[in-house]
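Structural overview for review
Residue strings, one per chain:
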Amino acid sequence: VLQPLAGFAGEEKTSNKQARIKKAVKYQMITEKIPVMDKFKMLKDLGFDGTEIHYRTKVDPIEVRKAIDATGVQVHGFLNSSRDELKDSIDQAKYYGGTSVLVVAGRVDQDNPYDVVYKQQQAKLRKHLPYAEKQGIKLLVENVWNNFLLSPLEMARFIDELESPAAG
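Described in the following lines is the structure provided in the data block. Position labels on residues start from 1 in each chain and follow its written sequence. It should be noted that, the model being predicted, local features are given only for residues of pLDDT at least 70 and side-chain atom pairs only at 80 or more, the latter also being counted only at that level, while totals for whole chains, interfaces and linings use all residues. Think of the side-chain values as coming from all heavy atoms in the structure, minus any hydrogens and water.

**With respect to the pairing of strand β5 (residues 74-81)**
Regular strands show a simple pattern: their side chains alternate between the two faces of the sheet. Test applied: The buried label applies to any residue whose accessible area, calculated with a 1.4 Å probe on protein chains only, is under 20% of its type's maximum; exposed applies above 50%, and partly exposed to all values in between. Runs of E in the DSSP output that reach at least two residues are strands. Runs of H or I that reach at least four are helices, and both are numbered from the N terminus. Strand pairing follows a simple DSSP-based rule, namely that at least 2 bridges must link the two strands. The crossover handedness rule: strands pointing away from the viewer, path from first strand over the helix to second strand clockwise, crossover right-handed.
The element β5 is largely enclosed, with a buried count of seven among its eight residues. Bridge count for strand β4 (residues 50-54) against β5 is five bridges, and the pairing is parallel. Within the sheet, the bridge partner assigned to I53 lies in β5 and is F78. In the classification by handedness, the crossover that spans β4, the intervening helix α2 (residues 61-71) and the parallel β5 is right-handed. Pairing between β5 and strand β6 (residues 100-104): four bridges, direction parallel. In the strand pairing of β6, L79 is matched with L102.

Written out as structure tokens, the structure reads:
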């Protein structure tokens with residue numbers, strides 16, 4: 001699934017002043033057992049501008065950095081899923097030259113009520129937002145099949161209450 005990502009897929013001005021949407025794909029979607037450099041070359045050949053890497057993906061950061069430099073394919077963001085510790089993900093995004101860490105906010109279910117998850121997730125983000133701001137990395141909240149922040153108004157309120165330019 002291709003989707004615009006904050007800090008990456010916005011408008012890019014071309015020489016004729018037309019906007020261009022950049023395309024990206026998740027790194028772990030490339031399932032071929034080939035070297036990192038070859039994966040980045042494949043992305044470039046297929047017309048992708050970038051990729052995002054999940055914290056669980058076993059990949060040598062030095063090889064990724066070399067592939068970025070060689071191909072121009074950017075690692076615009078880093079996926080954190082639901083880990084409580086975000087510092088490593090912020091550091092990885094910064095190292096790769098990315099602009100964001102995608103954070104899946106907690107899951108609401110019979111054992112985790114909405115109001116408790118709301119407070120826990122805001123506390124987790126507030127803990128890491130000063131560091132993210134200092135590093136120039138945005139923490140982007142995503143709601144993926146987790147029964148949380150289901151409406152645009154809920155999401156906007158949740159983000160606004162964080163009172164940080166690094167929250168989105």
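**Some words on unusual backbone geometry**
A positive phi angle, close to 55°, is found at N147, a residue other than glycine. Summarising the element assignment, N147 is placed in the loop between β7 (138-142) and α5 (152-162). Under the relative-accessibility criterion, N147 is labelled partly exposed at 47%. One non-glycine residue with positive phi stands out, namely L149, at about 55°. Residue position: L149 is located in the loop between β7 and α5.

**Description of the packing of aromatic side chains**
As a reminder, the rule being used: The criterion for an aromatic pair is that two Phe, Tyr or Trp rings (for Trp, the six-membered ring) have centres within 6.5 Å, with stacked assigned to planes under 30 degrees apart, edge-to-face to planes over 60 apart and tilted to the rest.
In this structure the tally under the stated criterion is eight aromatic pairs. With centroids separated by 5.7 Å and ring planes inclined at 85°, the aromatic side chains of F148 and F158 adopt a geometry described as edge-to-face. Taken together, the residues span a long stretch of sequence, with F148 in the loop between β7 and α5 and F158 in helix α5 at a distance of ten residues. For F148, a relative accessible area of 0% translates into the label buried. Clustering of aromatic rings is evident, with ring pairs tying together Y114, Y118, F148 and F158.

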